[in-house]
Amino acid sequence: MAVFCQRCGTGLPTGARFCSSCGAVVPVMQSVPGRPLVRPLVGRQIAGVCLALARSNGWDVGMIRIITVLGFIFSGGFVGVAYVAGWIGIPEEPMPMPGEYPPIV
Ligand SMILES: [Zn+2]
């Protein structure tokens, strides 16, 4: 997807932060509002797929889980396949680096 400077209209490479022509800041394009789609390490029940979808879209995770469980039962396996696909396809939330947080005393 092409990115264009909003000030001078110069075409920029995808992911550019600044215009190479006039130096204007390029707003970051986000396909999904809010958080990136990752499977959080904390708070997950099975693989974190429900939590990932809920967080990235601003949905209620409890509702997503109920829909997922009902889907498992009534969709004849489709939701199960989709869940496993999400498990494989959605990256895990990056591990916090050791020393990033103050040690718990
Ligand atoms: Zn520009």
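Here, every reference points to the structure presented above.
Treat the numbers as computed from the prediction; the structure is a model and nothing was measured.

Participant: So what exactly am I meant to see when it comes to the packing of helix α1 (residues 49-57) against helix α2 (residues 61-74) here?
Facilitator: When two helices pack together, their arrangement is captured by the angle between the axes and the distance separating the axes. Between α1 and α2, the least distance of the axes is 9 Å, while the angle of their chain directions is 135 degrees. Judged by the angle between their axes, α1 and α2 are oblique. The handedness of the crossing between α1 and α2 comes out as right-handed. Each of C50, L51, L53 and A54 in α1 lies in contact with α2, whose residues at this interface are V61, I64, R65 and T68. Here the contact of α1 with α2 is built from residues that sort into 6 nonpolar, 1 polar and 1 charged.

Participant: Explain α2 to me, please; I cannot follow it from the model alone.
Facilitator: Because each turn of an α-helix spans 3.6 residues, side chains separated by three or four positions in sequence point in the same direction. Taking 1.5 Å as the rise per residue, α2 with 14 residues should run 20 Å; its terminal C-alpha atoms sit 20 Å apart, in good agreement. Sparse coverage of α2 is indicated by the burial of 1 of its 14 residues. Positive backbone phi, at 65 degrees, marks G76, one or two positions downstream of α2.

Participant: Got a minute to help me understand the packing of α2 against helix α3 (residues 78-89) in this structure?
Facilitator: One way to put it is that α2 packs onto α3 with a least axis distance of 6 Å and a crossing angle of 125 degrees. On the basis of the axis angle, α2 is oblique to α3. Where α2 abuts α3, its residues T68, G71 and F72 lie against V79, G80 and Y83.

Quick notes on the rules
- Residues numbered from 1 in each chain as written.
- Predicted model: local features only at pLDDT ≥ 70, side-chain atom pairs only at ≥ 80, totals over all residues.
- Axes fitted to C-alpha atoms, helices over the stretch in contact; angles between N-to-C directions.
- Helix = DSSP H or I, 4+ residues; strand = E, 2+ residues; numbered from the N terminus.
- Parallel < 35°, antiparallel > 145°, perpendicular 65-115°, else oblique.
- Left-handed = near helix turned anticlockwise from the far one by under 90°.
- Contact = placed C-beta atoms within 7 Å.
- Nonpolar A, V, L, I, M, F, W, Y, C, P; charged D, E, K, R; others polar.
- Expected span 1.5 Å × (residues − 1).
- Buried ≥ 20, exposed ≤ 12 C-beta atoms within 10 Å, placed from the backbone.

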